[in-house]
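Below are the chains, spelled out letter by letter.
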Amino acid sequence: MVRTPLTPEERLRGERLGLLLREARGPRSMTEIAAHAGISAETLRKIETGRAPTPAFFTVAALAGALGLSMDELLLRCAPVPAAVPLAG
């Protein structure tokens, strides 16, 4: 299966997610958080470094739970700000 190239926005969103996860992990080990989330430490490493910029929803949800983050917070901090849409009137 050929994967379509990521857009610059997708790459940026992945970088933001990785940074947020690293910050939330703090001094805790990558192995500890990965085990708590039910994923491999290598998967977490790839997400944190941006090498896996579009992880599966349930992987992100598991990491959010392991780190005490809400999905709303992840969305607000990682998603790009939408372009202004003119109001009809």
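Scroll up to find the structure this text is about.
Residues numbered from 1 in each chain as written. Predicted model: local features only at pLDDT ≥ 70, side-chain atom pairs only at ≥ 80, totals over all residues. Heavy atoms only, no water.

1. Description of the overall build of the protein chain
Right, so step 1: A tally of regular secondary structure across the protein chain gives five helices and zero strands.
Right, so step 2: Taken from N to C terminus, the helices and strands of the protein chain fall in the order α-α-α-α-α.
Right, so step 3: Each of the 89 residues in the protein chain was classed as buried or not, and the buried ones make up 27%.
Right, so step 4: Carbon and sulfur atoms provide 62% of the accessible area of the protein chain, an area that totals close to 6100 Å². (Helix = DSSP H or I, 4+ residues; strand = E, 2+ residues; numbered from the N terminus. Buried < 20%, exposed > 50% of the residue type's maximum accessible area, 1.4 Å probe, protein only. Areas by Shrake-Rupley, 256 points an atom, 1.4 Å probe, with all protein chains shown as cover.)

2. Some words on the layout of surface pockets
Right, so step 1: Approximately 290 Å³ is the volume found for the largest pocket.
Right, so step 2: Lining the largest pocket are 13 residues, and of these Arg-13, Leu-17, Val-60, Leu-75 and Cys-78 lie nearest its centre.
Right, so step 3: Among the secondary structure elements, those contributing two or more residues to the lining of the largest pocket are helix H1 (8–25), helix H4 (57–67) and helix H5 (71–78).
Right, so step 4: In terms of residues, the lining of the largest pocket owes the most to one element, H5, which gives four residues.
Right, so step 5: Partitioned by chemical class, the residues of the lining of the largest pocket number ten nonpolar, two polar and one charged. (1 Å grid on protein atoms, 1.4 Å probe; cavity = no way out; pocket = protein on both sides within 12 Å on 5 of 7 lines; lining within 4 Å. Points joined across faces, edges and corners; volume = space filled by probe spheres on them. Nonpolar A, V, L, I, M, F, W, Y, C, P; charged D, E, K, R; others polar.)

3. Looking at helix H2 (residues 30–37)
Right, so step 1: Every buried residue of H2 is listed here: Met-30, Ile-33, Ala-34 and Ala-37. For H2, the arc enclosing every buried residue in end-on projection is 100 degrees, short of the 170-degree limit, so these residues lie on one face. For H2, exposure combined with an orientation more than 90 degrees from the buried face picks out Thr-31, Ala-35 and His-36.
Right, so step 2: Contact partners of the buried residues in H2: H1, helix H3 (41–49) and H4. (Arc of directions from axis to C-beta. Contact = heavy atoms within 4.5 Å.)

4. A short note on H4
In an α-helix, one turn spans 3.6 residues, which is why side chains three or four residues apart end up on the same side.
Right, so step 1: Buried residues of H4: Thr-59, Val-60, Leu-63, Ala-64, Ala-66 and Leu-67, and no others. When H4 is viewed along its axis, its buried side chains cluster within an angular range of 165 degrees and face the same direction. Turned more than 90 degrees away from the buried face of H4, the exposed residues are Phe-57 and Phe-58.
Right, so step 2: Of the surrounding elements, those touching the buried residues of H4 are H1, H2, H3 and H5.

5. Thoughts on the environment of Arg-13
Right, so step 1: Within the element layout of this structure, Arg-13 appears in helix H1.
Right, so step 2: For the pair Arg-13 and Ala-79, spaced 66 residues apart in the sequence, the C-alpha separation amounts to 5.9 Å.

6. Concerning the side chain of Thr-59
Right, so step 1: Relative to the assigned elements, Thr-59 resides in helix H4.
Right, so step 2: For Thr-59, a relative accessible area of 18% translates into the label buried.
Right, so step 3: Setting aside its immediate chain neighbours within four residues, Thr-59 contacts Ile-39 and Ile-47.

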